[in-house]
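A closer look at the structure
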Amino acid sequence: MLSTIQYDNVGVTYESNGQQAIKNFNLSIESGEIISFVGPSGCGKSTALNVAAGLIQPSVGAFKMDENIITSPGTDRGVVFQNYSLFPWMSNLENVRFALSQKSKKSNTELIKQSKKLLDKVGITGKSQYVYPTQISGGMQQRVAIARMFALDSPVFLMDEPFAAVDEITRKHLQNLLLDLWEKETSRKTIILVTHNIEEAIYLSDRVVVLYEGEIITTKPIPFKRPRDRQELENERDYLTIRKQLLQAIEGNA
Ligand SMILES: Nc1ncnc2c1ncn2[C@@H]1O[C@H](COP(=O)(O)OP(=O)(O)OP(=O)(O)O)[C@@H](O)[C@H]1O
């Protein structure tokens with residue numbers, strides 16, 4: 001199932017404090033695109049993502065998927081946050097099996113087999129599959145969260161700072177893992193990613209959207225072909241130009 005996403009003049013004002021978190025938010029996202037939201041702290045990135053997740057209702061405007069107005073969470077959107085993406089009371093294997101069972105009517109034995117395969121793919125093998133999320137490292141938990149997201153097989157993935165809590169090397173591994181799985185899907189997932197990391201945004205995205213005080217101030221297409229090689233990309237002249245322009249857009253308004 002392909003899904004086109006549209007923020008149609010969305011505005012969110014939090015009732016508790018009257019804070020206008022996003023305003024005049026207009027953005028169309030094609031099926032299979034990877035989009036990053038970047039910008040200074042408090043500019044509205046998470047609010048915009050939570051509107052897509054159906055966790056926050058727009059105060060004005062509408063968020064639409066395939067022309068349908070979205071007002072609640074649903075299995076058509078998989079979500080990964082910095083923490084808390086996994087059910088802590090389920091083993092890692094059970095987390096993935098449960099996600100698979102949401103979409104598949106296969107036997108339990110088959111679901112467990114598939115879950116193990118998925119966990120193997122993300123590098124969670126052997127005993128680590130049977131323990132609880134809290135019994136493995138943060139980086140490993142995010143691997144399970146990615147496996148769980150692919151198990152849910154939603155057409156849209158929403159990721160809020162998914163790799164922020166891990167070290168730089170693990171972060172790069174997880175970025176590669178995400179791209180690798182995404183590229184292998186026959187029907188590519190649409191991904192919206194919130195990140196503070198410009199290099200991550202460029203490496204992963206088709207477009208980087210810069211927010212400032214709740215508004216989109218720049219949308220930058222990332223023209224590099226896929227699959228991308230991190231080292232080659234970082235040596236491209238255009239890469240440095242794009243990085244500089246994005247930093248200027250963010251810092252110039254910070
Ligand atoms: N639940 C809430 N209630 C009231 N105000 C909120 C709430 N969540 C966010 N805000 C406010 O809305 C604005 C946008 O916040 P949001 O978390 O969307 O920004 P952000 O760009 O994701 O920030 P950060 O990068 O620091 O996570 C901020 O001024 C914030 O204080």
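Going by the structure above, here's the rest.
Quick summary incoming for the structure in this document. Bear in mind the structure is a predicted one, so any value in this text is a computation, not a measurement.

1. What to know about the overall build of the protein chain
- When its secondary structure is counted, the protein chain shows eight helices and ten strands.
- For 254 residues, the compact-globule formula gives about 18 Å, and the C-alpha radius of gyration of the protein chain, at 18 Å, lands near that figure.
- For the protein chain, the spread of C-alpha atoms along the principal axes amounts to about 50 × 45 × 30 Å.
- The buried share of the protein chain, reckoned over its 254 residues, is 50%.
- Sequence-distant contacts in the protein chain: of pairs separated by 6 or more residues, those separated by 24 or more amount to 68%.
- For the protein chain, the accessible area works out to roughly 12300 Å², and carbon and sulfur atoms hold 48% of it.

2. Concerning the side chain of E161
- Structurally, E161 is set in the loop between β7 (156-160) and α5 (168-184).
- No salt bridge is formed by the buried E161; its nearest oppositely charged neighbour, R171, is found at 4.2 Å.
- Those residues in contact with E161 that lie beyond four places of it in its chain are Q82, R171, V194, T195 and H196.

3. Some thoughts on the side chain of S91
- Along the chain, the position of S91 falls in the loop between β6 (77-80) and α2 (92-103).
- Each residue touching S91, except ones within four places of it in the same chain, is listed here: Q129, Y130, V131 and Y132.

4. As for the packing of α2 against helix α4 (residues 138-152)
- With their axes 7 Å apart at the nearest point, α2 and α4 run at an angle of 15° to one another. Between α2 and α4, the crossing angle belongs to the class labelled roughly parallel. As for how α2 packs across α4, the hand of that crossing is right-handed. Contact with α2, carried on its side by N92, N95, V96, A99, L100, Q102 and K103, involves V144, A147, R148, A151 and L152 of α4 and no other residues of that element.

5. Describing the site of the ligand
- Close to the ligand lie 14 residues, the nearest being S41, G42, K45, S46 and T47.
- Between the ligand and S41, the relevant distance is 2.5 Å, taken from an oxygen atom to a side-chain nitrogen or oxygen of the residue.
- Between an oxygen atom of the ligand and a main-chain N or O atom of G44, the distance comes to 3.0 Å.
- Within the complex, 65% of the 640 Å² of free accessible area of the ligand lies under protein.
- Here the element with the most residues in the shell around the ligand is helix α1 (residues 45-53); it accounts for three residues.
- Grouping the constituent residues of the shell around the ligand by class yields four nonpolar, nine polar and one charged.

6. Some words on the sheet that holds strand β10 (residues 215-221)
- With respect to topology, six strands assemble into an open sheet ordered β6-β7-β8-β3-β9-β10, the strand pairing being mixed. Only two strands of the sheet have a single neighbouring strand rather than two, namely β6 and β10. Between one strand and the next, the sheet's axes are offset by a mean angle of 20°, whatever the strand orientation.
- Two strands pair when backbone bridges link them, and strand β3 (residues 34-38) and strand β8 (residues 190-194) are joined in this way by four bridges, in the parallel orientation. Across the sheet, residue I34 finds its bridge partner in β8, namely I191.

What counts and how
Sequence order sets the numbering: in each chain, residues are counted from 1 along the sequence as written. Where totals are concerned, whole chains, interfaces and linings use all residues; where local detail is concerned, this predicted model gives features only for residues with pLDDT of at least 70, and gives and counts side-chain atom pairs only at 80 or more. Excluded from the side-chain calculations are hydrogens and water; all other atoms, namely the structure's heavy atoms, are used. Every helix listed is a DSSP run of H or I at least four residues long, and every strand listed is a run of E at least two residues long, numbered separately from the N terminus. Values of the radius of gyration come from C-alpha atoms, whereas the globule rule sets the reference at 2.2 Å times the count of residues to the power 0.38. Per-residue accessibility, obtained with a 1.4 Å probe over protein chains only, is compared with the maximum for each type, and a residue is labelled buried under 20%, exposed over 50%, and partly exposed between these values. We call two residues contacting when some pair of their heavy atoms lies within 4.5 Å. Calculation of accessible area relied on Shrake-Rupley with a 1.4 Å probe; when residues are assessed, cover is drawn exclusively from the protein chains displayed. In this tally, Asp and Glu contribute negative charge and Lys and Arg positive charge; neither His nor the terminal groups of the chain are included. Any carboxyl oxygen of Asp or Glu that lies within 4 Å of a side-chain nitrogen of Lys or Arg is treated as forming a salt bridge with it. Angular values range over 0 to 180 degrees, each being the angle between N-to-C directions of two axes fitted as lines to C-alpha atoms, with helices fitted over their stretch in contact. We call two directions roughly parallel when the angle between them is under 35 degrees, roughly antiparallel when it is over 145, roughly perpendicular when it lies between 65 and 115, and oblique otherwise. The handedness criterion is simple: a crossing whose near helix is rotated anticlockwise from the far helix by less than a right angle is left-handed, and one whose near helix is rotated clockwise is right-handed. Near is defined per residue: the residue qualifies when any heavy atom it owns lies within 4 Å of the molecule or strand. Each polar contact in these results corresponds to two N or O atoms within 3.5 Å; when the atoms are within protein, one needs to be able to donate a hydrogen and the other to accept it, and residues that are neighboring in sequence are counted only if both atoms are side-chain atoms. Residue polarity follows a fixed list, in which Ala, Val, Leu, Ile, Met, Phe, Trp, Tyr, Cys and Pro are nonpolar, Asp, Glu, Lys and Arg are charged, and the others, Gly among them, are polar. We call two strands paired when DSSP finds no fewer than two bridges between them.

None of the figures reported here should be taken as evidence of function without further support.
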